[in-house]
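Tertiary structure, described
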Amino acid sequence: MCVPSTNNTVFDLIGLGFGPANIAIGAALTEAWSSPNSSEFPVKNVLFLEKHDRFRWHPGMLLPDARMQISFMKDLATLRSPQSPYTFLSYLHSQNRLITFINRGSTIPTRKEYADYLAWAAQRVQDNGVNVKFSHQIVGLNDGKDNTIQVHVRNLATGEEETFRTRDLIISPGGSPKIPTVMLPYMEHPKVVHSSSYCLSVGSILDGLARQTRPLRVAVIGSGQSAAEVTLDLRQRLGVIAAHGGRHEIDMIIRKGSLKPSDDSPFANEIFDPATTDKWFNMPSKRVRESTLSEYKATNYGVVNPRTIEVLYEVIYDQKLDVAISKRTGVNPEVLDPIINILPYTSIASVEFTRTSPEPAIDLLSTESSKPQEQESFLITSQHSITREVSDRQYDAIIYATGYQRTLWVDLLKSTEIGKHFGLTATSSEVHLTPCTEETTTPVLHAPAFDRKDNSGNVTPISSSAESTPPTSPEPSMFNSTQLERPSPKELRISRSYRLLPVTDGNDKMFEPRVYLQGVEEATHGLSDTLLSVLGVRAGEVVADLCSGRSA
């Protein structure tokens, strides 16, 4: 393992990850640098570290014609500063598409265009002085001298390691795929993918399956927007693959009784307003916040845009129409499009991988390429939650659109020396954020020091905030025993300005570097925190807090 080199520069700020949240931070910083009183601005030397080799926003879900779910004005900057050079309108103007976008008659951009806007903003932030290192993975965080944090990184292109020092840190980890327990054994199987990787994987999956001389069947697990979009896209893709002796099928497996529409009505949408963040943060208790989250869940979780539901219903209705016409006339439809089945009230009990080698037909003239292909499939055993009926069904591929988890920041902090300043240890399991306004006492904790080096003296790698698929948090216990008590959740206090609040070390010495979180505070800051709705406003609040108590 390489011995890390040390960069002697002390940065005012290092950001982990370079997705939309940290691009918005960079935008707010560069605007401050160009203001008339920029000489008084204390945050001048910044660096962002990103694992991927370039900026990409949800490449696995850039489906043709897919639209955003929000207005273009909820961009990186408009709600913070409408005159900002980083607004979506500035992007359109720079690309000479402002008039044609207006002529569309819609405030909702396509996902493809919004991804291009974010890439444009990412480049503009760098052009205006923000340092970004791509292909750099976080391997450790340690206490540095002079009240700094040491950030250890590995260059994924060269394998070299380097250490940077910073006065303050922003962790913007994004979400990682939420993997159902039954799918864990097949995480690495090429025909089992999360919806976040769908567009990057579906081509190779279907190319391999196209060699089969039989109808194909694909399972889509989930009842949200991504699941619906994937189902419709699969229908189009499978439609160009010959189905010998039948029709391809797509089973949409959902636990609910039906697909539910998202509530994007004006009053419901106020839950995403920046002003609601204050109300949410100042709610009197965790129970009230959880109750509010449950009330407004239909605005974001496990729901489908009404337009998408209409398209999907029309497709299924047309299938029924074909069947009815065929029964009446005795003539099969000329076009045999793939069939979409929605399986409601269905819980998956198990998934089993099977491989069969069909007996080839006796044909002396057959060639190697014409011989039957070995068939791989997945046997899904499921149960209807009302009738309790158990059924088995074979699938050629599985796409699970089961959402995201946002625990990478926990895995990062508890695996490093920095975690002790917030009361975290390597064995910390369940971690909850708590607003600093609640009447809780901050205990004095004596967390053990961490040895971050192996026997050879090299820094050992850990989870990185820039990783797209981090390890999940460990379970509270590996054993099912009534004699073992489940440990109480560890509560970390966070400020309204998204800053984690450290605990004292027993000598009343407080950890001075400031650590900020972005995109993981839904429990304390509201539903909008994991979404794009408040990016610009939140970036302004974080930058303002960064400047407080710092001199230029």
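Summary of the structure given here.

Rules used in this analysis
Residues numbered from 1 in each chain as written. Predicted model: local features only at pLDDT ≥ 70, side-chain atom pairs only at ≥ 80, totals over all residues. Heavy atoms only, no water. Helix = DSSP H or I, 4+ residues; strand = E, 2+ residues; numbered from the N terminus. Buried < 20%, exposed > 50% of the residue type's maximum accessible area, 1.4 Å probe, protein only. Contact = heavy atoms within 4.5 Å. Areas by Shrake-Rupley, 256 points an atom, 1.4 Å probe, with all protein chains shown as cover. Pairing = 2+ DSSP bridges. Axes fitted to C-alpha atoms, helices over the stretch in contact; angles between N-to-C directions. Parallel < 35°, antiparallel > 145°, perpendicular 65-115°, else oblique. Left-handed = near helix turned anticlockwise from the far one by under 90°. Expected span 1.5 Å × (residues − 1). Polar contact = N/O pair within 3.5 Å; in protein donor to acceptor, adjacent residues only side chain to side chain. Salt bridge = Lys/Arg side-chain N within 4 Å of Asp/Glu carboxyl O. Patch = residues over 30% accessible without salt bridge, like charges linked within 9 Å, V, L, I, M, F, W, Y side chains within 5 Å. Phe/Tyr/Trp six-rings, centres within 6.5 Å; stacked < 30°, edge-to-face > 60°.

**Looking at the overall build of the protein**
- For the protein, the count of helices and strands is 13 helices and 19 strands.
- Burial status across the protein gives 47% buried among its 552 residues.
- In the protein, of all internal contacts separated by at least 6 residues, the share reaching a separation of at least 24 is 77%.
- Accessible surface for the protein amounts to roughly 27500 Å². Of this, 51% is attributable to carbon and sulfur atoms.

**Here's the deal with the sheet that holds strand β12 (residues 346-356)**
- On the basis of which strands lie adjacent, the open sheet formed by three strands has the order β12-β13-β14 and antiparallel pairing. Two strands bound the open sheet, and with one partner strand each, they are β12 and β14 (390-395). When strand polarity is set aside, the average angle formed by the axes of neighbouring strands in this sheet is 20°.

**Regarding the packing of helix α1 (residues 20-33) against helix α13 (residues 535-547)**
- Interaxial distance between α1 and α13 falls to 8 Å at its minimum, and their mutual angle equals 60°. As judged from the angle between their axes, α1 and α13 are oblique. When you trace α1 past α13, the crossing you get is right-handed. Every residue of α13 that contacts α1 at P20, A21, A24, I25, A28 and L29 is listed here: L535, R538, A539, V542 and V543.

**What to know about the sheet that holds strand β8 (residues 192-194)**
- What the five strands build is an open sheet, ordered β8-β15-β9-β10-β11; its pairing is parallel. Strand pairing shows two members of the sheet lacking a second neighbour, β8 and β11 (339-343), which therefore form its edges. On average, adjacent strands in this sheet sit at an angle of 20° to one another, irrespective of strand direction.
- In this structure, strand β9 (residues 217-221) lies alongside strand β15 (residues 397-400), joined through four bridges in parallel fashion. Counterpart to V218 in the pairing with β15 is A397.
- Against the sheet, helix α10 (residues 306-329) touches β10 (249-253) and β11, its axis set at about 110° to β11.

**Re helix α4 (residues 111-127)**
- The first and last C-alpha atoms of α4 sit 24 Å apart over 17 residues, in line with the 24 Å expected at 1.5 Å per residue.
- Listed as buried for α4 are R111, E113, Y114, A115, Y117, L118, W120, A121, A122 and V125.
- Check the buried side of α4 and you find it contacts α1, α2 (88-94), α3 (98-103) and α6 (225-238).

**Considering the side chain of H152**
- Within the secondary structure, H152 is located in strand β5 (residues 148-155).
- H152 gets classed as buried once you look at its relative accessible area, which sits at 7%.
- One polar contact links H152 to N142, side chain to side chain, over a distance of 2.6 Å.
- Among the polar contacts listed, one links the side chain of H152 to the side chain of T163, at a separation of 2.8 Å.

**Points about α1**
- Compared with an ideal rise of 1.5 Å per residue, which puts 14 residues at 20 Å, α1 spans 20 Å between its outermost C-alpha atoms and is within 8% of the ideal.
- With 13 of its 14 residues buried, α1 lies for the most part within the structure.

**Points about the pattern of salt bridges**
- Evaluated as defined, the whole model comprises 23 salt bridges.
- For R154, the salt bridge goes to E161, with nearest N and O atoms at 2.8 Å.
- Looking at E161, the relative accessible area reads 5%, which means it is buried.
- Where R514 meets D168, a salt bridge forms, and the shortest distance between an N and an O atom there is 3.2 Å. Of the two residues, R514 is situated in strand β19 (residues 514-517) and D168 in strand β6 (residues 161-171); the sequence distance between them amounts to 346 residues. Here R514 and D168 have matching classes, each one buried.

**Quick look at the side chain of T231**
- Note on placement: T231 falls in helix α6.
- According to the relative accessible area criterion, T231 is buried, its value standing at 0%.
- Each residue touching T231, except ones within four places of it in the same chain, is listed here: V220, I250, M252, L312 and I340.

**Describing the pairing of strand β2 (residues 46-49)**
- Across the two faces of β2 the burial is the same, with V46 and F48 and L47 and L49 all buried.
- Pairing of β2 with strand β3 (residues 131-133), which is carried by three bridges, proceeds in the parallel orientation. What sits directly across from F48, in β3, is V132.

**Focus: a nonpolar patch on the surface**
- Taken together, the side chains of Y313, Y317, L321 and I325 make up a nonpolar region of the molecular surface, amounting to roughly 420 Å² of accessible area.
- Assignment of secondary structure puts Y313 in helix α10.

**Considerations on unusual backbone geometry**
- Positive phi values are uncommon outside glycine, yet N147 reaches one of about 55°.
- For N147, the location among the structural elements is in the loop between β4 (136-144) and β5.
- Of note, the phi angle at R388 is positive, near 65°, even though the residue is not glycine.
- As for its placement among the helices and strands, R388 is situated in the loop between β13 (375-384) and β14.

**Concerning the environment of A243**
- Within the element layout of this structure, A243 appears in the loop between α6 and β10.
- A C-alpha to C-alpha distance of 8.9 Å links A243 and A210, two positions 33 residues apart in sequence.
- Sequence-distant contacts of A243, that is, excluding residues within four places in its chain, are made with P215 and H248.

**Details of the packing of aromatic side chains**
- The full count for this structure, using the stated rule, is 17 aromatic pairs.
- With centroids separated by 5.6 Å and ring planes inclined at 45°, the aromatic side chains of F18 and F48 adopt a geometry described as tilted. Here F18, found in the loop between β1 (5-16) and α1, pairs with F48, found in strand β2; they are 30 residues apart in sequence, far enough to count as distant.
- F48 gets classed as buried once you look at its relative accessible area, which sits at 0%.
- Here the aromatic rings of Y186 and F378 are separated by 5.8 Å at their centres, their planes lie at 80°, and the arrangement is edge-to-face.

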